[in-house]
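Coordinates in review
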Amino acid sequence: MRLWRWWVERCERSVDARPLATTRVLLALCISLDLLRVLQLGLVPVLFRLGEDGGLTAFHDPHLIIHDWWGPSAGPIAMTLTLACMVLVMTGYGTRVAILIGVLAYAQLGHLYPPGDRAVDRILRTGLLVILFSGAVGPWWKLKRAQMPAWPVDLLKFILVMIYLSAGLAKLIQQPAWLSWSAQPPLLRIVTDPLAAHMNPMIWDQWPWLFRLGSWGTIALELSSVLILTRWCRRWAMAGIAMHVGIYLMMDLGMFSLGMLSFYPVLLAAPPHPAASARARAPPEG
Amino acid sequence: MTHLRAGLILAVYAVLLVVGTPGLDHLGWRLSSREEARLEKRFGPTVARVGKRLMAFNKEFRRPVANRVGKFQPVFRIRQAWNLYRDGPRQIYRLEVRVDGEPVYRTEDPELDWLAPQLRNRRMRPVVESTVRKWKSGNWRGLSRFVVAQARQTWPQAERVELVSLRSKRPGNRPQVQHRIIATAPDWGLEKTR
């Protein structure tokens, strides 16, 4: 019973709504800029169209339904819908409906062109769905002194722990060389792969120890991500920021680092107040 | 209301934990006697026993439950499996595009950067990677059609466009052709050769 009371009180603690609202804006901004870049490069008819209609991919997911509704125009329509919803999510007007429709439309784009829908897209959609149920949904000016229940922030932190922990364990299970003293460091292979990164293998192959240290650091950071759930959260976040900035500089993964960094405002924010100090009140929907 | 909400939140945590338990997605269905012996020899009998039980738990409980409670994931395309960057390629691969025999694009070559923004875009990259690395890639026709169409637009007089997969041992200074996709005028049909 005491445990249950602790859980209820934990869910009812209140936090400043602005860090999560910042994450909301940044996630929507990442998705928008990424789609606008596709538009700018003239890739929309190539990527968001089935192979049988002249698109790039020969395969799509069985959960694709918009093609039955709109035919070859499904991709451009879903993309426009996603972009419009992301603008609303950023401004904070009609946020909940915009997140729901935007995430569904964005997911359909992924079903339409699976190779281009990566882990980061799934992470961004998951984050937006958590924010959908939070109090960080109004326009910015209404959130000035707004407090909201802390559980969405806690849930996001839990999801981030799952992501980093899974990534660390997957590395170790499938490639023990991540911890090796002598084998070629996997990190070196990753950041010198010309198809995905910028680092020249002819130069950096001579410095394996540097990447061995980097490999150990990556594993240490990912496996220590449980610290996100403790008072060490902010310190862990500083190391996480360094890792993502490093990935951004060394690799060519599009919005991966920026998408992940969009979650960091909630990691860097002040810890929640106890429930007794202020009953959580969500700001009104804009 | 607060109790109901706390209960629902707890249920969400439980579902997420079951569908995305860190590490368990990489466990096989069962340990063969050889693997078990190897594990026992390396880490001792306790670790081997724990590994065996973990696999049984994964197979008989977690995966069936995850399959049942995780049915909402495809709707939002949010499968909770995070196998982010486990390893890089052991050899160096590059894509080269040649128009009438002249190279116009090569991966990470600042002097041959025709179509580089498109081919390096994060949504295009996985298709480029699989086409370059694998002979049996699923989307090589789509990628080749796109590159050929762009080349014909840029060089209307062109008669031959090639996508060449280059592979070399590290550090990558002696590339060799692994396979190539050739399109020639007037029909621009695609032919793949080693």
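Please read these numbers as outputs of a predicted model, since none were measured by experiment.

1. What to know about helix H5 (residues 74–91) of chain A
Residue and element names in this part refer to chain A. Between the first and last C-alpha of H5 there are 26 Å, a value that for 18 residues agrees with the 26 Å anticipated at 1.5 Å per step. Where H5 is concerned, the buried positions are Ala74, Gly75, Ala78, Met79, Thr82, Leu83, Cys85, Met86 and Val89. Remark: Gly92 follows H5 within two positions and exhibits a positive phi of approximately 90 degrees.

2. Things to note about empty space enclosed by the protein
For the structure shown, the criterion picks out two cavities of 30 Å³ or more. Of the volumes computed, that of the largest cavity is approximately 50 Å³. Lining the largest cavity are Ser166 of chain A together with Gly20, Thr21, Pro22, Gly23, Asp25, His26, Gln80, Ala81, Trp82 and Asn83 of chain B. Considering only residue class, the lining of the largest cavity consists of three nonpolar, seven polar and one charged. Taken together, Trp7, Arg10, Cys11, Trp151 and Asp154 of chain A together with Ile9 and Tyr13 of chain B form the lining of the second largest cavity. Per-element tally for the lining of the second largest cavity: the top contributor is helix H1 (residues 2–12) of chain A, with three residues.

3. Here's the deal with the interface of chain A and chain B
With 83 residues of chain A in contact, the opposing surface of chain B contributes 63 residues. Between chain A and chain B, a total of about 6600 Å² is buried, with carbon and sulfur atoms accounting for 61% of that surface. On the chain A side of the interface with chain B, the three residues burying the most area are Leu56, Arg122 and Leu195 of chain A, jointly 12% of the side's total. Joining chain A to chain B, the criterion identifies eleven salt bridges. Asp252 of chain A serves as the salt-bridge partner of Arg120 of chain B, at 3.1 Å between the closest nitrogen and oxygen. Linking chain A with chain B are 36 residue pairs in polar contact (both at pLDDT 80 or more). Secondary-structure elements contributing two or more residues to the side of chain A that touches chain B are H1, helix H2 (18–40), helix H3 (44–47), helix H6 (95–112), helix H7 (119–132), helix H8 (151–174), helix H9 (186–191) and helix H10 (201–204) of chain A. No other element matches H8 of chain A, which puts 15 residues into the side of chain A that touches chain B. Considered class by class, the residues forming the side of chain A that touches chain B number 52 nonpolar, 16 polar and 15 charged.

4. Details of the sheet that holds strand E1 (residues 92–99) of chain B
Strands in a sheet are paired, the pairing made by backbone hydrogen bonds, and the direction either parallel or antiparallel. All names here are of chain B. Spatially, five strands are ordered E2-E1-E3-E4-E5 in an open sheet, and the strand pairing comes out antiparallel. Every interior strand has two partners, whereas the edge strands, strand E2 (102–106) and strand E5 (190–193), have only one. Taken pair by pair, the neighbouring strands of this sheet meet at an average axis angle of 20 degrees, ignoring direction. In this structure, strand E3 (residues 160–168) lies alongside strand E4 (residues 176–184), joined through eight bridges in antiparallel fashion. Bridged to Val164 within E4 is Arg180.

5. Focus: the packing of H8 of chain A against helix H11 (residues 208–223) of chain A
Between two packed helices, what matters for the description is the angle formed by their axes and the separation of those axes. Residues and elements named next belong to chain A. Between H8 and H11, the shortest axis-to-axis distance is 7 Å and the interhelical angle comes to 135 degrees. Taken together, the axes of H8 and H11 are oblique relative to one another. As H8 runs across H11, the sense of the crossing is left-handed. Residues Tyr164, Leu165, Ala167, Gly168, Leu169, Lys171 and Leu172 of H8 pack against Thr218, Ile219, Glu222 and Leu223 of H11. Residues of the contact of H8 with H11, tallied by class, amount to seven nonpolar, two polar and two charged.

6. What to know about H6 of chain A
An ideal rise of 1.5 Å per residue puts 26 Å on 18 residues; H6 of chain A measures up with 25 Å between its terminal C-alpha atoms. For H6 of chain A, a buried count of 13 out of 18 residues is recorded, marking the element as mostly surrounded by other parts of the structure.

7. Digging into a nonpolar patch on the surface
Where nonpolar side chains cluster on the molecular surface, the patch consists of Ile65, Trp69, Trp70, Ile77, Leu81, Val97, Leu100, Ile101 and Leu104 of chain A together with Val75 of chain B and spans about 840 Å² of accessible area. For the nonpolar patch, the secondary structure elements donating two or more residues are helix H4 (66–70), H5 and H6 of chain A. By residue number, the principal contributor to the nonpolar patch is H6 of chain A, which donates four residues. Note on placement: Leu100 of chain A falls in helix H6. For Leu100 of chain A, a relative accessible area of 36% translates into the label partly exposed.

8. Concerning the nonpolar core
Phe48, Leu56 and Leu267 of chain A together with Leu143 and Val147 of chain B are the most contacted members of the largest nonpolar core, which has 124 residues in total. In terms of residue count, the dominant contributor to this core is H8 of chain A (twelve residues). In this structure, Phe48 of chain A is in contact with Leu35, Val38, Leu43, Gly75, Pro76, Met79, Leu109, Leu112 and Tyr113 of chain A together with Arg123 of chain B, ignoring residues within four places of it in sequence.

9. Digging into the environment of Leu31 of chain B
Residue and element names in this part refer to chain B. One can find Leu31 in the loop between helix H1 (2–19) and helix H2 (33–43). The buried category is assigned to Leu31, whose relative accessible area is 14%. Once residues within four sequence positions are removed from consideration, Leu31 is found in contact with Glu36, Leu39, Ala48, Gly51, Lys52 and Met55.

10. A look at the pairing of E4 of chain B
Two faces make up the sheet, and in a regular strand the side chains alternate between them. Residues and elements named next belong to chain B. Across four bridges, the pairing between E4 and E5 is antiparallel. Residue Arg180 lies in a different strand from E5, and its bridge partner there is Thr193. Linkage of E4 to E5, two consecutive antiparallel strands, is achieved through a turn of five residues, within which Trp188 is found at a positive phi near 55 degrees.

11. A few points about the confidence of the model for chain B
Residues and elements named next belong to chain B. Summarising the model, chain B shows a mean pLDDT of 91, and 99% of its residues fall at 70 or more. Within chain B, E2 carries the highest mean pLDDT (97), whereas H2 carries the lowest (79). At the level of chain-chain contacts, confidence expressed as ipTM amounts to 0.90, with global pTM at 0.92.

Rules behind the numbers
- Residues numbered from 1 in each chain as written.
- Chains lettered and ligands numbered in written order.
- Predicted model: local features only at pLDDT ≥ 70, side-chain atom pairs only at ≥ 80, totals over all residues.
- Heavy atoms only, no water.
- Helix = DSSP H or I, 4+ residues; strand = E, 2+ residues; numbered from the N terminus.
- Expected span 1.5 Å × (residues − 1).
- Buried < 20%, exposed > 50% of the residue type's maximum accessible area, 1.4 Å probe, protein only.
- 1 Å grid on protein atoms, 1.4 Å probe; cavity = no way out; pocket = protein on both sides within 12 Å on 5 of 7 lines; lining within 4 Å.
- Points joined across faces, edges and corners; volume = space filled by probe spheres on them.
- Nonpolar A, V, L, I, M, F, W, Y, C, P; charged D, E, K, R; others polar.
- Contact = heavy atoms within 4.5 Å.
- Buried area = accessible area lost by both parts, 1.4 Å probe.
- Salt bridge = Lys/Arg side-chain N within 4 Å of Asp/Glu carboxyl O.
- Polar contact = N/O pair within 3.5 Å; in protein donor to acceptor, adjacent residues only side chain to side chain.
- Pairing = 2+ DSSP bridges.
- Axes fitted to C-alpha atoms, helices over the stretch in contact; angles between N-to-C directions.
- Parallel < 35°, antiparallel > 145°, perpendicular 65-115°, else oblique.
- Left-handed = near helix turned anticlockwise from the far one by under 90°.
- Patch = residues over 30% accessible without salt bridge, like charges linked within 9 Å, V, L, I, M, F, W, Y side chains within 5 Å.
- Areas by Shrake-Rupley, 256 points an atom, 1.4 Å probe, with all protein chains shown as cover.
- Core = buried A, V, L, I, M, F, W, Y, C linked by side-chain atoms within 4.5 Å.
- pLDDT = per-residue confidence, 0-100.

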